[in-house]
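# Fold and contact review
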Amino acid sequence: MGEIITLKRNNDFRRIYSKGRSYTSQVLVTYVMKNRRKEVRIGITTSKKIGKAVLRNRSRRVIREAFRAISDDVAFGYDLVFVARGKTPFVKSYDILRAMKKELKEAGVLK
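Scope of this entry: the structure provided in the associated data block. (Residues numbered from 1 in each chain as written. Predicted model: local features only at pLDDT ≥ 70, side-chain atom pairs only at ≥ 80, totals over all residues. Heavy atoms only, no water.)

### As for the sheet that holds strand β5 (residues 78-84)
- In spatial order, the strands read β1-β4-β5-β3-β2; together these five strands make up an open sheet with mixed pairing. Looking at which strands have only one partner, the edges of the open sheet turn out to be β1 (5-6) and β2 (21-24).
- In the sheet, strand β4 (residues 40-45) pairs with β5 via six bridges, with the strands oriented parallel. When the bridges of β5 are listed, Arg41 appears paired with Asp79. (Pairing = 2+ DSSP bridges. Helix = DSSP H or I, 4+ residues; strand = E, 2+ residues; numbered from the N terminus.)

### Concerning the pattern of salt bridges
- Under the definition given, this model contains six salt bridges.
- Of the charged contacts, one joins Glu39 and Arg37 as a salt bridge, the two residues approaching to 3.3 Å between their closest N and O atoms.
- You can call Glu39 partly exposed: its relative accessible area is 22%.
- Two residues, Arg98 and Asp95, come together in a salt bridge whose shortest N-O distance is 3.4 Å. Placement of the pair is Arg98 and Asp95 together in helix α3 (residues 93-107), with a separation of three residues, close to one helical turn.
- Arg98 sits in the exposed class, given a relative accessible area of 55%.
- Each of Asp12, Arg15, Arg41 and Asp79 takes part in one network of salt bridges that share partners. (Salt bridge = Lys/Arg side-chain N within 4 Å of Asp/Glu carboxyl O. Buried < 20%, exposed > 50% of the residue type's maximum accessible area, 1.4 Å probe, protein only.)

### Notes on the environment of Gly77
- As for its position among the elements, Gly77 is in the loop between α2 (53-70) and β5.
- Between the alpha carbons of Gly77 and Tyr31 there is a distance of 14 Å; along the sequence they are 46 residues apart.
- Beyond its immediate chain neighbours, meaning those up to four positions away, Gly77 contacts Met33, Lys34, Asn35, Arg37, Glu39 and Val40. (Contact = heavy atoms within 4.5 Å.)

### Quick word on the environment of Lys101
- With respect to the secondary-structure elements, Lys101 resides in helix α3.
- Put simply, Lys101 and Ile70 are 31 residues apart on the chain and 7.8 Å apart in space, counted from C-alpha to C-alpha.
- Excluding residues that lie within four positions of it along the chain, Lys101 makes contacts with Ile70 and Leu110.

### Thoughts on the environment of Leu97
- Within the fold, Leu97 resides in helix α3.
- In this structure, the C-alpha to C-alpha distance between Leu97 and Leu28, residues 69 residues apart in sequence, is 9.8 Å.
- In this view, Leu97 contacts Ala66, Ala69 and Ile70; residues no more than four positions away in its chain are not counted.

Here it is in structure tokens:
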């Protein structure tokens, strides 16, 4: 897919939280919403509930790496927001990848 486009603006996140569909697992929550672009944009959220900065950064890194592994299989035209949960910083990226694949397949986003 090439470069991963990230969501940064608060109103983009709010729009996806309110209008998008959510899919959950023990390690990840995924919000999916169609966009009118020919690209996939992702956002990653980790709250203070996850822990201190080291754990939050690890959560973001692990989620980003899992998405990078399946980014070629994701259909264009979607905004995705991944929300870390309490277990996220303590699992390996392939556990996140498995949960992410399941949620994105359920959402109909995987090719």
